[in-house]
Amino acid sequence: MHVLLVIGGGVLLLGVFLLFGRLWSVGNSLMPAVLLAFIATWLLVAVANMWVGVSRAGYAVREELPILLLVFAVPALLAGLLYWRLAR
């Protein structure tokens, strides 16, 4: 359940990045940079989530690594798809 909540939080954060990117840019000129900034930010958040799982919850890095990949991949792939569509 925690994994779904974190992925949902990533999708919501992507929406926030898109909203502010739309508000602060003229047209779609800034949107690719906003999406790249989201991917970098989301990587940091996903790694912090893994660190909490390892240091506080007592999981091994080997156990948390697939969760890190899943948590990072879903919102990052959505952002990548949007980047691909806007870059065309």
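Residues numbered from 1 in each chain as written. Predicted model: local features only at pLDDT ≥ 70, side-chain atom pairs only at ≥ 80, totals over all residues. Heavy atoms only, no water.

1. Examining the packing of aromatic side chains
On inspection of all chains with the given rule, the structure shows three aromatic pairs. On the numbers, 5.6 Å between centres and 70° between planes, the contact of F17 with F38 is edge-to-face. Of this pair, F17 sits in helix α1 (residues 2-24) while F38 sits in helix α2 (residues 31-55); the two residues are 21 residues apart in sequence, bridging distant segments of the chain. An aromatic cluster is built from F17, F38 and W42, whose rings are joined through pairwise contacts. (Phe/Tyr/Trp six-rings, centres within 6.5 Å; stacked < 30°, edge-to-face > 60°. Helix = DSSP H or I, 4+ residues; strand = E, 2+ residues; numbered from the N terminus.)

2. Considerations on the environment of F20
Within the element layout of this structure, F20 appears in helix α1. Classification of F20 as partly exposed rests on a relative accessible area of 37%. Sequence separation between F20 and H2 is 18 residues, and the spatial gap between their C-alpha atoms is 27 Å. (Buried < 20%, exposed > 50% of the residue type's maximum accessible area, 1.4 Å probe, protein only.)

3. Quick look at the nonpolar core
Grouped together as the largest cluster of nonpolar side chains are eleven residues: V6, I7, L14, L35, F38, W42, A46, M50, L68, V71 and A79. Of all the elements in the fold, those that place two or more residues in this core are α1, α2 and α3 (61-87). The dominant element in this core, judged by the number of residues it contributes, is α2, at five residues. (Core = buried A, V, L, I, M, F, W, Y, C linked by side-chain atoms within 4.5 Å.)

4. Observations regarding α2
Taking 1.5 Å per residue, 25 residues should reach 36 Å; α2 reaches 36 Å between its end C-alpha atoms and fits that length. M31, P32, V34, L35, F38, W42, A46, N49, M50 and G53 are the residues of α2 that are buried. Elements that come into contact with the buried residues of α2 comprise α1 and α3. (Expected span 1.5 Å × (residues − 1). Contact = heavy atoms within 4.5 Å.)

5. Examining the packing of α1 against α2
Relative to each other, α1 and α2 sit at 155°, their axes nearing to 10 Å. By the angle between their axes, α1 is roughly antiparallel relative to α2. Seen along the crossing, α1 lies across α2 with a hand that is right-handed. Touching H2, V6, G9, G10, L13, L14, F17, L18, G21 and R22 of α1 are M31, V34, L35, A37, F38, T41, W42 and N49, all from α2. (Axes fitted to C-alpha atoms, helices over the stretch in contact; angles between N-to-C directions. Parallel < 35°, antiparallel > 145°, perpendicular 65-115°, else oblique. Left-handed = near helix turned anticlockwise from the far one by under 90°.)

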